[in-house]
Amino acid sequence: MKNNLFILSLLALTFLTCETAENKNSQVANQGQLLFEKNCTICHGKDGKLKASGALDLSISKLSPEETLLAIINGSPQKGMPAYGARLKQEELNQLRDYVQGLIVK
Ligand code: HEC
């Protein structure tokens, strides 16, 4: 009986820890979405497909996560993509990279 209780509380604990980890992940995802909506949707649209001002459709981007991060940091000033490296924190740039990678339809 005692053993069962022990296993039960262990299960409950695992469940609780999973829950907080998940919440944290979705908080990070939301952060990326907020940053994207604030800075990027004007050209790329909410789903990344807008292509306003010559922007590329992000849902079909072939860039790796590293290349996406560089594209956001350096932009493409001659073609109209602003550089965000100096405007945003590293953490925010990473969140944007993850969000943009998530827009790619695989
Ligand atoms: C003023 C319009 C504009 C805004 C705002 C803008 N972009 Fe862009 N973006 C562009 C253009 C134009 C290109 C194409 C550049 C090129 O052809 O080299 C581009 C290209 C990209 C690419 C490269 C895609 C690929 O597959 O090569 C990424 C990634 C990207 N943008 C992400 C973002 C993110 C993230 C933001 C917000 C932080 C953002 N952009 C804001 C116009 C914009």
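Scroll up to find the structure this text is about.
Parameters at a glance
Residues numbered from 1 in each chain as written. Predicted model: local features only at pLDDT ≥ 70, side-chain atom pairs only at ≥ 80, totals over all residues. Near = placed C-beta within 6 Å. Helix = DSSP H or I, 4+ residues; strand = E, 2+ residues; numbered from the N terminus. Nonpolar A, V, L, I, M, F, W, Y, C, P; charged D, E, K, R; others polar. Core = buried A, V, L, I, M, F, W, Y, C linked by C-beta atoms within 7 Å. Buried ≥ 20, exposed ≤ 12 C-beta atoms within 10 Å, placed from the backbone. Contact = placed C-beta atoms within 7 Å. Arc of directions from axis to C-beta.

Caption draft 1: Structural context of the site of the ligand. Every one of the 23 residues lining the ligand counts as a neighbour, but Cys40, Cys43, Ser61, Ser76 and Met81 are closest to it. Those elements giving two or more residues to the shell around the ligand turn out to be helix 2 (41–44), helix 3 (65–74) and helix 4 (90–103). Across the shell around the ligand, the residue classes break down as 14 nonpolar, eight polar and one charged.

Caption draft 2: Representation of the nonpolar core within the structure. Core analysis: the biggest nonpolar cluster contains nine residues, these being Phe36, Cys40, Leu58, Leu69, Ile72, Leu96, Tyr99, Val100 and Leu103. Of all the elements in the fold, those that place two or more residues in this core are helix 3 and helix 4. Top contributing element to this core by residue count: helix 4, with four residues. If near-sequence neighbours (up to four positions away) are discounted, Phe36 is found in contact with Thr41, Leu96 and Tyr99.

Caption draft 3: Quick peek at helix 3. Taken together, the buried positions of helix 3 are Thr68, Leu69 and Ile72. On an axial view of helix 3, the arc spanned by its buried residues comes to 100°, and they lie on one face. Away from the buried face of helix 3 by more than 90 degrees, exposed residues Glu66 and Glu67 are located. Once helix 3 finishes, Gly75 follows within two positions and takes phi at roughly 60°, a positive value.

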